[in-house]
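# Summary of the model geometry
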Amino acid sequence: MIKEKLLNKGKDIYTVISDLVQGTDIINLAKISPDIPCSDKLTELAIKYIKEKSVEYSHPNGLLALREGIAKNIKQRYGLNKSAINEITITAGATQAMYTAISTFVNEGDEVVLFEPAFNSYIPAIESNGGRPVFVQRKQPDYHIDWEAVLKLINTRTKLIIVNTPHNPTGAIFNEEDIVQLKKITSGTKINVISDEVFEHMVFDGQKHISVLSDEKLAERCIVISSFGITFNVPGWKIGYYVSSEELMSKIRKKQHFQINTINTPFQYALADYLKEGVDYNITNKQFEKKKQFVNDILKDSRFKIIPTKGTFYQLLDYSEISDEKDTEFARRIMDEYGVALFPLSVFYHDSIDNKILGFSFARNNKILTKAANQLLKV
Ligand SMILES: Cc1ncc(COP(=O)(O)O)c(C=O)c1O
């Protein structure tokens, strides 16, 4: 008998909303992809290498020059030596990296601890490999992690803990104490940690991104995932990477080679050159912080309560003082009556917890943000 995997899953929220708004004038603030242009220099490099390198397959672990650029960045930021040869691999985006890492480590009956609200790709990847997601709810009002609650859920079946900082969609970020607690909980166990850090360069209000790589000992059991798509506003390129110990990476690579074999060559050359010239990540950071400020300056006069976001390009809005409709129904009404698509937060909880919160991406041009925010003022 053929085992049916994931057939009970519906479409994810981003697809549902894009299907609903297609062919209408509705402003889709729920979509992931930014409409902020990427750097001209990076585009020029991509064009150059599409002409020069399209006929080449790249090395299965990714172009070495690009891996070296990543290793250099890690050394500069965390003082950590990571081998470009053995400990860094290029992927077809963070989603593939996440799926491959999960499928490398999770077998039938294994438990994976993850935190809700959770990005939509984690649970399907766990379940299609026979794993069981074990849910911990982030605590309001700032969506921090209750590590004591995590400790109670750890047992001999726990294979992985998946963390995400800065967190999509709440914008919560790790602090030093989170690193201490994560290290304490996992030390002396065989648990590995996958850390989704795709928003590492979007952290606001003078705070800094605290990676699991900032602790050398903790880093030994971690697989850190990042995305050039998110970092450089080129999500359509679908290119990212993971970093781990040599031991973990050798297992992951065996899986990746048969899942995807190699990653597209021209964009790897373009990114390698781009990193070599030196990137000022503060520019991206400032750009997104300004956008957050811009849209929130308009929304502060609305009836929505703005939930502070410390990172990512997502903003949550509490509407509990406006309506007691379910968030899915309220989101639908905002879309139909005011022409703006926002996402309901309940879709990121396995049991659809409804805290009367909607969210949106501010990675959009200011004209669209102004138009959408002015519509929300009417609600
Ligand atoms: C938390 C998180 N992880 C992973 C991804 C996927 O990144 P990629 O486009 O590189 O697959 C996203 C995309 O928005 C994300 O928000």
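Residues numbered from 1 in each chain as written. Predicted model: local features only at pLDDT ≥ 70, side-chain atom pairs only at ≥ 80, totals over all residues. Heavy atoms only, no water.

### Quick look at the sheet that holds strand 13 (residues 357–361)
Read across the open sheet, the 4 strands follow the order 9-10-13-12; overall the sheet is antiparallel. The two strands at the open ends of the sheet, each matched to only one other strand, are strand 9 (305–307) and strand 12 (343–344). Bridge count for strand 10 (residues 314–318) against strand 13 is 5 bridges, and the pairing is antiparallel. Across the sheet, the residue bridging to Gln315 is Phe360, located in strand 13. (Pairing = 2+ DSSP bridges. Helix = DSSP H or I, 4+ residues; strand = E, 2+ residues; numbered from the N terminus.)

### Focus on the site of the ligand
Taken together, 13 residues are adjacent to the ligand, and Thr95, Asn168, Asp196, Ser227 and Lys238 come closest. Between Ala94 and the ligand, the recorded distance is 2.8 Å, taken from a backbone N or O atom to an oxygen atom. Here an oxygen atom of the ligand sits 2.6 Å away from a polar atom, N or O, in the side chain of Thr95. Relative to its free-state accessible area of 400 Å², the ligand is covered by the protein chains to the extent of 95%. A per-element tally of the shell around the ligand places helix 4 (residues 93–105) first, with 3 residues. (Near = heavy atom within 4 Å. Polar contact = N/O pair within 3.5 Å; in protein donor to acceptor, adjacent residues only side chain to side chain. Areas by Shrake-Rupley, 256 points an atom, 1.4 Å probe, with all protein chains shown as cover.)

### Digging into the pairing of strand 8 (residues 240–243)
Side chains Gly240 and Tyr242 project from strand 8 onto one buried face, and the interleaved Tyr241 and Val243 project onto a second face that is buried too. The sheet contact formed by strand 2 (residues 88–91) and strand 8 spans 4 bridges and is antiparallel. Among the inter-strand pairings, Thr91 is bridged to a residue of strand 8, identified as Gly240. Pairing between strand 7 (residues 222–227) and strand 8: 4 bridges, direction antiparallel. From the neighbouring strand, Ser226 faces strand 8, where its bridge partner is Tyr241. (Buried < 20%, exposed > 50% of the residue type's maximum accessible area, 1.4 Å probe, protein only.)

### Concerning the sheet that holds strand 6 (residues 192–196)
With mixed pairing, the 7 strands of this open sheet are ordered in space as 2-8-7-6-5-3-4. For this open sheet the edge positions go to strand 2 and strand 4 (132–137), each flanked by a neighbour on one side alone. Across this sheet, the average inter-strand angle for adjacent strands is 20°, counted without regard to direction. Where strand 5 (residues 158–164) meets strand 6, 5 bridges bridge the pair, whose relative direction is parallel. Across the sheet, residue Ile162 finds its bridge partner in strand 6, namely Ile194. Most of the contacts of helix 7 (residues 176–186) go to strand 5, to which it runs at about 175°, and overall it touches strand 5 and strand 6. Set on the sheet, helix 10 (residues 246–259) makes contact with strand 2, strand 6, strand 7 and strand 8; between it and strand 2 the angle comes to about 25°. (Axes fitted to C-alpha atoms, helices over the stretch in contact; angles between N-to-C directions. Contact = heavy atoms within 4.5 Å.)

### Re the packing of aromatic side chains
Aromatic ring pairs are defined here through the distance separating the ring centres and the angle between the ring planes. Counting across every chain of the model gives 19 aromatic pairs. Consider the rings of Phe228 and Phe232, whose centres lie 6.1 Å apart with planes at 10°: the pair is stacked. Taken as a pair, Phe228 and Phe232 share a single burial class, namely buried. What links up through ring pairs into an aromatic cluster is the set Tyr14, Phe199, Phe288, Phe313, Tyr314, Phe343 and Phe348. (Phe/Tyr/Trp six-rings, centres within 6.5 Å; stacked < 30°, edge-to-face > 60°.)

### Examining the domain arrangement of the protein chain
Reports of interface size often rely on the accessible area that becomes lost once the parts have come together. For the protein chain, the assigned domains read domain 1 (13–31 + 281–377) and domain 2 (40–276). Each of domain 1 and domain 2 has a C-alpha centre, and the two are 26 Å apart. With 27 residues of domain 1 at the interface, the matching set in domain 2 holds 31 residues. Across the domain 1 to domain 2 interface the summed buried area is about 2600 Å²; carbon plus sulfur atoms make up 58%. The largest per-residue losses of area from domain 1 upon contact with domain 2 belong to Tyr281, Lys310 and Thr312, which jointly make up 28% of the total buried on that side. Our count for the contact surface shared by domain 1 and domain 2 stands at 1 salt bridge. Taking the shortest distance from any N to any O, the salt bridge between Lys292 and Asp205 comes out at 3.7 Å. If you look at where domain 1 meets domain 2, you find 9 residue pairs in polar contact (both at pLDDT 80 or more). Taken together, the elements giving at least two residues each to the side of domain 1 that touches domain 2 come down to helix 12 (281–299) and strand 10. The dominant element in the side of domain 1 that touches domain 2, judged by the number of residues it contributes, is helix 12, at 7 residues. Residue composition of the side of domain 1 that touches domain 2, by class: 15 nonpolar, 8 polar and 4 charged. (Domains from an automatic or database assignment. Buried area = accessible area lost by both parts, 1.4 Å probe. Salt bridge = Lys/Arg side-chain N within 4 Å of Asp/Glu carboxyl O. Nonpolar A, V, L, I, M, F, W, Y, C, P; charged D, E, K, R; others polar.)

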